Every structure is written in C-alpha cells, then in structure tokens.
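# Topology and contacts: notes
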Amino acid sequence: MKQRTEKLLAAMPRDFEAALISTDVNRFYFLGFDSGDAGTVLILPEKTYFIIDSRYIEIAEATVKDAEVILEKKALEQVRELLTDHSVKRLYMEDKATVAYANRVREALPGVEVDTSALLSDAVEALRAVKSKEELDAIRRAQAITDACFAHMLDYIKPGVREIDAALEMELFMRGHGAGKIAFDTIFVSGAKTSLPHGVPGEKRVDAGDFVTMDFGARVDGYCTDMTRTVAVGSATDEQRAVYDTVLKAQLACCAYARAGQEGRAVDKVARDIIYGAGYEGFFGHGLGHAVGIEIHESPRYSPSCADIVRAGMVMTIEPGIYLPGRFGVRIEDTVFVREDGCEIIGTSPKELIVL
Ligand SMILES: [Mn+2]
C-alpha cells in the first residue's frame, strides 16, 4: 500500500502538498481498507492519515498498516488541524467526490486552495489500471469461481426455470464458493430478452429454443472479474447459429489481436469490422470492452472513441455482441490480461455454442 502512495506522489505535480481521498474505491486502493463506506484519507508527502469513526476504528487499527489511524470526531475539522500542522495551502480532491462534499470541504478549510479538477482522479486511475501481481492473483481467483459457476449453470438450466431463480442460484454459488461479494448484479436473461444488453432477470421462465445470456462475475479480495456466455436451450435455429458464430469470430479475433501498446479503439475496430461486415451494422451498440479492477468498469476502454493506449499489466474485457431487437441477442465476454506480446484469457470457460 505504501508503494501506491509513493507512486501517486511521483505522478502528481512537483508542488503537491496534500490529497484528500473520500471515495470507497480509492480508500481501498491506498489503504486496503474494505470495511464499510466511511473514512477520510489524507495523503501528505511525508505521511498518510486515516480518519475513521468508532464503528470501524478497531478493524482499521488492526488492518491499516501504512497510515496513522485517527478516531473521527468532526472529520473536516480534524483535516483542517492536520493541514495547519503541516502548513498545507493547497489540497487536491477527487473529481468523483460529490459536489456537496466538495462544498463542505471548501467551507471547512478557509485559506486552503481546493483543487477539484480531474488531475488527482486521473492520476489514481492511471495507477490502478496497471495491476500488480497481487491484484492479478485476486482477479484470477475471482475468475476461477466465475468459471465454476458457469459449469454449474450448464447443469442447472432447464426449460421452466425462472430467470430470477437462476440469477439467485448464480449469486449463491459464487458466494458459497469463496467470493466475498459478486462483482455486479447478475444478468440472466432468456429468449427475446437476450436482445437487451443489460436486461434484468425477471419472472420469465426459460423455454426450449431460447438463447440464455449470463453476464456475471465474482469479487475476491476487492477485485472483480467479468464474463458473459450465451447458451442455447434445446435447439438453435440456423439464424441463431449464424449470429452466434459471428460474435464468436469477432471475440476470438480480438483476443488474438489485443496486446500492449494499442489504442483502445483499434481493438474495438477489429470486432466492429467483422460484425458490420457480416451485415449486423446497427446491432452492436456498446463498446467492445473496458478495464476491470476494484470497480467493474474502469478506464481505459476498448471503444470507438477511446484513443488511450492499453498498456502491459492492464486487465480488460473483450465482449462483442449482436442484439436483434424483440428477437434475440448474443454476447461472449472474457476478462483478459494484457501483455507485451498478446493477451491472456484469464478464464477457462468454453466459448463454442453449447446446446443444453
Ligand atoms: Mn463487461
């Protein structure tokens, strides 16, 4: 954790004096503190402070190693005292802090210049984008649970099963097999609802002839993974197979193409060229993928507008889809680890069309 604050200090302007961290994800990134949604982190060049209320003080004192843990009374008054003690005149805040909170900080710190530009958040996001070995290991463990869940669902899915029961089954499986949390709300949709890229599981029952799309992931030690598979139940028509094969071809081509040093949009284009070339222009509306880490959607993106360079050590999703409104859709998604010479698919779940 100390390395992370040191990297931040190196990334910030030379006249950096202090940073106030108030978002859950960055508090976790700098302290490893994952209990609750409270606490204020103050990073100074010489020292980091963690102001935390009585609900969490015991766990904070036991687990936070690289910051001085202080019992919260009035957090911003305590911040003001610390800034005065250290003669700080300029404070960076995250641009993802709420406007209300930023206003309270300004009011509480007269005489301190409060910078709410994107500078701090961008610097932290750039650090978070490149994963350490420990972070990658957590994502690998999350993915192993996610793969096991998919295998379990191949046995579970039958005509007559309700979507909401299947989604709950997936969440129970992942939590019961070591996921601290799930990475995001599980998507299990069937039949015509598979044309909704982020459809919500409902009362609908799986029918023979349906496609089923499952988009899900476990979260282990604070890190997410993200996977989507589409399977057929009972049978698949020639048109369903043609759409599936096109998405699979695009997904495999992107996995073969992706490597460090590319603009995000270059990898997106590989999928888009295949899908549009097969006649499905207008039916693949979302970007090809996104970085994954503490949050399920991080920067950079594989999308038509992303000119950011994807670097070695980043963890990205590759998830092309085709969605035919009112009829059916297909998405196939892997989480991959980007290396200099290619990308490694972290999961092991099969991708050829499975007819249950
Ligand atoms: Mn995704």
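Note: the structure precedes this text.
This section reports on the structure supplied with the text. From a predicted model like this one, the values you see are computed outputs, not experimental measurements. (Residues numbered from 1 in each chain as written. Predicted model: local features only at pLDDT ≥ 70, side-chain atom pairs only at ≥ 80, totals over all residues. Heavy atoms only, no water.)

### A word on the coordination of the manganese ion
The test is simple: In this description, a donor is an N, O or S atom within 2.8 Å of the metal centre, a cutoff extended to 3.2 Å for sodium, potassium and calcium. Water is not part of the atom list, which can make sites seem incomplete. Secondary structure is summarised from DSSP: a helix means a run of H or I of at least four residues, a strand means a run of E of at least two, and numbering begins at the N terminus for each. Per-residue accessibility, obtained with a 1.4 Å probe over protein chains only, is compared with the maximum for each type, and a residue is labelled buried under 20%, exposed over 50%, and partly exposed between these values.
Protein coordination of the manganese ion is provided by D226 (OD), H290 (NE2), E319 (OE) and E333 (OE), with donor distances spanning 2.0 to 2.4 Å. Each donor residue of the manganese ion lies on one chain, and together they are spaced D-x63-H-x28-E-x13-E. Of this pair, D226 sits in the loop between β11 (223-224) and β12 (227-232) while E319 sits in the loop between β17 (315-318) and β18 (321-324); the two residues are 93 residues apart in sequence, bridging distant segments of the chain. Here E319 falls in the buried class, since its relative accessible area comes to 8%.

### Focus: the sheet that holds strand β8 (residues 187-190)
Backbone-to-backbone hydrogen bonds join strands into a sheet, with any given pair of strands oriented parallel or antiparallel. Counted only if it meets this: Pairs of strands are assigned from DSSP output, requiring at least two bridges between the strands. A fitted line through C-alpha atoms serves as each axis, taken over the contacting stretch for helices, and the angle formed by two N-to-C directions is quoted from 0 to 180°. When checking whether two residues touch, look at their non-hydrogen atoms; a contact exists if any pair is within 4.5 Å.
Read across the sheet, 3 strands follow the order β8-β9-β12 without closing on themselves; strand pairing throughout is antiparallel. Among the strands making up the open sheet, the edge pair consists of β8 and β12. Pairs of neighbouring strands in the sheet enclose a mean axial angle of 10°, with direction left out of account. Sheet analysis places β8 next to strand β9 (residues 211-216), joined by 4 bridges and oriented antiparallel. Along β9, the bridge assignment pairs F188 with M214. Across the sheet, helix α8 (residues 163-176) lies against β8 and β9, angled at about 150° from β8, the strand it touches most.

### Focus: the nonpolar core
What counts, and what does not: Definition of nonpolar core: a set of buried residues of the types Ala, Val, Leu, Ile, Met, Phe, Trp, Tyr and Cys, connected through side-chain atoms within 4.5 Å. For the purposes of this description, domain bounds are those given by an automatic or database domain assignment.
Counting residues in each nonpolar core, the largest one holds 40 residues, and the members touching the most others are L8, F33, F50, I52, V64 and L120. Every element with two or more residues in this core is listed here: β1 (19-21), α2 (24-31), β2 (40-43), β3 (48-52), α3 (57-63), α6 (119-129), α7 (133-156) and β11. Two domains each provide a minimum of three residues to this core, namely domain 1 (2-128) and domain 2 (133-345). With 35 residues, the next largest nonpolar core counts V267, M314, M316 and L353 among its residues.

### Re the pairing of β3
Burial runs high along β3: 5 of the 5 residues are buried. The alternating pattern of β3 places T48, F50 and I52 and Y49 and I51 on opposite faces, both of which are buried. As paired elements, β2 and β3 share 4 bridges and run antiparallel to each other. Counterpart to T40 in the pairing with β3 is I51. In sequence, β2 turns back onto β3 through a hairpin of 4 residues. Sheet topology note: the β3/strand β4 (residues 68-71) ladder contains 4 bridges and is parallel. In the strand pairing of β4, I52 is matched with L71.

### Some thoughts on the environment of I57
For I57, the position within the fold is in helix α3. Distance in space between the C-alpha atoms of I57 and R14 is 33 Å, their sequence separation being 43 residues. Excluding residues within four positions of it along the chain, I57 makes contact with I52, V69, I70 and L71.

### Points about the sheet that holds strand β6 (residues 113-115)
If you trace the 6 strands from one edge of the open sheet to the other, you get β4-β3-β2-β1-β5-β6, paired in mixed fashion. What marks the edges here is a single partner per strand, and that holds for β4 and β6. In this sheet, adjacent strand axes meet at a mean angle of 25° when their direction is disregarded. Packed on one face of the sheet, helix α4 (residues 75-85) meets β1, β2, β3, β4 and β5 (90-93) and runs near 160° to β3.

### As for the packing of helix α9 (residues 238-257) against helix α10 (residues 264-280)
We count it as follows: An angle counts as roughly parallel when it lies under 35 degrees, as roughly antiparallel when it exceeds 145, as roughly perpendicular when it falls between 65 and 115, and as oblique in every other case. By definition, any crossing whose near helix is turned counterclockwise from its far helix by less than a right angle is left-handed, and any crossing with a clockwise turn is right-handed. Charged residues are taken to be Asp, Glu, Lys and Arg, nonpolar residues to be Ala, Val, Leu, Ile, Met, Phe, Trp, Tyr, Cys and Pro, and polar residues to be all remaining types, Gly included.
Orientation of α9 relative to α10, taken along the N-to-C sense of each, is 155°, at an axis distance of 9 Å. Of the possible angle classes, the one that applies to α9 and α10 is roughly antiparallel. The handedness of the crossing between α9 and α10 is right-handed. Listed contacts from α10 to A242, V243, T246, K249, A250, A253, C254 and Y257 of α9 are A266, V267, V270, A271, I274, I275, A278 and Y280. For the contact of α9 with α10, the per-class residue count stands at 14 nonpolar, 1 polar and 1 charged.

### Let's talk about the pattern of salt bridges
Put simply, the test is: Just to be clear on terms, a salt bridge is a Lys or Arg side-chain nitrogen sitting within 4 Å of an Asp or Glu carboxyl oxygen.
Across all of its chains, the model carries 29 salt bridges by this definition. Of the charged contacts, one joins R128 and E298 as a salt bridge, the two residues approaching to 2.8 Å between their closest N and O atoms. Highlighted residues: R128 in helix α6 and E298 in strand β15 (residues 298-302), separated in sequence by 170 residues. Classification of E298 as buried rests on a relative accessible area of 7%. Where K133 meets D137, a salt bridge forms, and the shortest distance between an N and an O atom there is 2.9 Å. A residue pair is termed a helical-turn pair when its members lie 3 or 4 positions apart in one helix, as K133 and D137 do in helix α7 at 4 residues. Three or more residues are tied together by salt bridges with common partners; here these are D15, R90, E113 and D115.

### A look at the packing of aromatic side chains
To keep things clear, this is the line we draw: Aromatic contacts are taken between Phe, Tyr and Trp rings whose centres are within 6.5 Å, Trp giving its six-membered ring; a plane angle under 30 degrees counts as stacked, one over 60 as edge-to-face, and the others as tilted. Whether a charge sits over a ring comes down to the Lys NZ or Arg CZ being within 6 Å of the ring centre and within 35 degrees of the ring normal.
Under the criterion given, the structure shown has 7 aromatic pairs. With centroids separated by 6.0 Å and ring planes inclined at 10°, the aromatic side chains of F16 and Y92 adopt a geometry described as stacked. One end of the pair, F16, is in the loop between α1 (2-11) and β1; the other, Y92, is in strand β5, with 76 residues separating them in the sequence. Residue class for Y92 comes out buried when judged on its relative accessible area of 2%. Aromatic pair F33 and Y56: ring centres 6.3 Å apart, planes at 85°, arrangement edge-to-face. Of this pair, F33 sits in the loop between α2 and β2 while Y56 sits in the loop between β3 and α3, placing them 23 residues apart in sequence. Of the two residues examined, F33 and Y56, each falls in the buried class. Taken together, the ring pairs connect F33, F50 and Y56 into an aromatic cluster. Stacked on the ring of F284, the Lys or Arg R272 has its end atom at 4.0 Å from the ring centre.

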